[in-house]
Amino acid sequence: MTSAAIARLIDAAAAAIRDHAEELGALDRAIGDGDHGLNMTRGFEAIVEQRAALADLPIATALQKAGMTLVMKVGGASGPLYGSLLMAMGKAGEDAPLAERLSEGVDAVRKRGKSGPGEKTMLDVLVPVLEALRVGPADPVAAARRAADAGLEATRAMLATKGRASFLGERSVGHLDPGARSSALLVHAVCDVLEGRS
Amino acid sequence: MTDTVLPGNALPDNVAIVIVSHSPEVARGAADMVREMVGDEVRVAHCGGNPAGGLGTDVAAILAAIEAVYTPKGVAILVDLGGAETNSEMAVEMLPEDIRANVAICNAPIVEGAVMAATEAAGGSSLVEVRATAEEFRS
């Protein structure tokens, strides 16, 4: 991956989070503690600050460093969760196909969160996206976008059993999960770059 | 943000306690209660707040707290809500392997767990015993 492509990925991901920080905060206030927008923005702005250095690295190393930045800067559970996602995607190696890279990342999130799909979390977006990529679709970008949107929407009806939202029990039903929303935003941001839109 | 207190005569003979809360005030208050119980017989460190100073937890601060009180006898970590646990687990994994083996996160209420753990630790108990005592408190 070229330096320019890495820089575009960083800018697109950070812009997606920054532009939706209010929305992420509102979703999190409904079923959590309300800091998801602020926390994610702080983490991704820290990555943007390192953009020049990260863009000069091989993608495997850049992902691991960006992941560590999220771990150290976010300040909520989403730091270790998204940080572990990126670090494991980096550890997949320099030439791993995208599905294999994402698979390593998703496994790390499962372990870190002691969670699986169906529990109203970011995994409800990431796992369907991974499954959509694994079947080798003719248009992987479109398939990933569709899977992310459907996965996000599916969290609305779910009962949260992980994280702060689980304290609400049945009252968590009827709200989109903020972590699933941020994951969907990031999937779309990566797709935008792959399509040459940003 | 991390406020570690190491009284001059605190010996590393006993398991140490690290308290990790979303709130610096909660962390400090829990540590005060521990010190009231065990004085300087047990090393106690606490941290609270995210890297920007708001409510949350900070992996770097947790690492610093563990390192400040570390003893081969062991370190018991008490946490409050989910993010404190996830960030503490992350911090523990970032420790060198030989140190990591002597650090345990207790599944217990933060205040009661910290006081129970410290009381057990003050008697010279092992990390396994300290953790079990803290976790017994779960209602």
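Our subject is the structure listed above.
**Focus: the packing of helix 2 (residues 59–69) of chain B against helix 3 (residues 82–94) of chain B**
All names here are of chain B.
So, step 1. Relative orientation of the contacting elements helix 2 and helix 3 amounts to 60°, with a least axis distance of 9 Å. With respect to helix 3, the axis of helix 2 lies oblique. Crossing of helix 2 over helix 3 shows right-handed handedness. Judged by residue contacts, Val59, Ile62, Leu63 and Ile66 of helix 2 engage Asn87, Ser88, Met90, Ala91 and Met94 from helix 3.
So, step 2. The residue makeup of the contact of helix 2 with helix 3, split by class, is seven nonpolar, two polar and no charged.

**Section: unusual backbone geometry**
All names here are of chain A.
So, step 1. Not every positive phi belongs to a glycine, and lysine 114 is a case in point at roughly 45°.
So, step 2. Positionally, lysine 114 belongs in the loop between helix 7 (98–113) and helix 8 (123–134).
So, step 3. For lysine 114, a count of 11 C-beta atoms within 10 Å translates into the label exposed.
So, step 4. If you check the backbone angles, lysine 120 has positive phi at about 65° while not being a glycine.
So, step 5. Within the element layout of this structure, lysine 120 appears in the loop between helix 7 and helix 8.

**Focus on the nonpolar core**
A general tendency of soluble globular proteins is for nonpolar side chains to be buried together.
So, step 1. By size, the foremost hydrophobic cluster in this structure holds 100 residues, and its most contacted members are Ile17, Val18, Ala76, Leu78 and Ala117 of chain B.
So, step 2. The element best represented in this core is helix 10 (residues 178–194) of chain A, accounting for nine residues.
So, step 3. For alanine 76 of chain B, the residues in contact, after removing those within four places along its chain, are Val15, Ile17, Ala104, Cys106, Ala117, Ala121, Leu127, Val130, Arg131 and Ala134 of chain B.

**Topic: the pairing of strand 4 (residues 75–79) of chain B**
So, step 1. Where burial is concerned, most of strand 4 of chain B is hidden: five out of the five residues are buried.
So, step 2. Residue alternation in strand 4 of chain B divides its side chains into two sets, Val75, Ile77 and Val79 of chain B and Ala76 and Leu78 of chain B, and both sets are buried.

The rules behind each value
- Residues numbered from 1 in each chain as written.
- Chains lettered and ligands numbered in written order.
- Predicted model: local features only at pLDDT ≥ 70, side-chain atom pairs only at ≥ 80, totals over all residues.
- Axes fitted to C-alpha atoms, helices over the stretch in contact; angles between N-to-C directions.
- Helix = DSSP H or I, 4+ residues; strand = E, 2+ residues; numbered from the N terminus.
- Parallel < 35°, antiparallel > 145°, perpendicular 65-115°, else oblique.
- Left-handed = near helix turned anticlockwise from the far one by under 90°.
- Contact = placed C-beta atoms within 7 Å.
- Nonpolar A, V, L, I, M, F, W, Y, C, P; charged D, E, K, R; others polar.
- Buried ≥ 20, exposed ≤ 12 C-beta atoms within 10 Å, placed from the backbone.
- Core = buried A, V, L, I, M, F, W, Y, C linked by C-beta atoms within 7 Å.

Treat this as a map of the structure, not an account of what it does.
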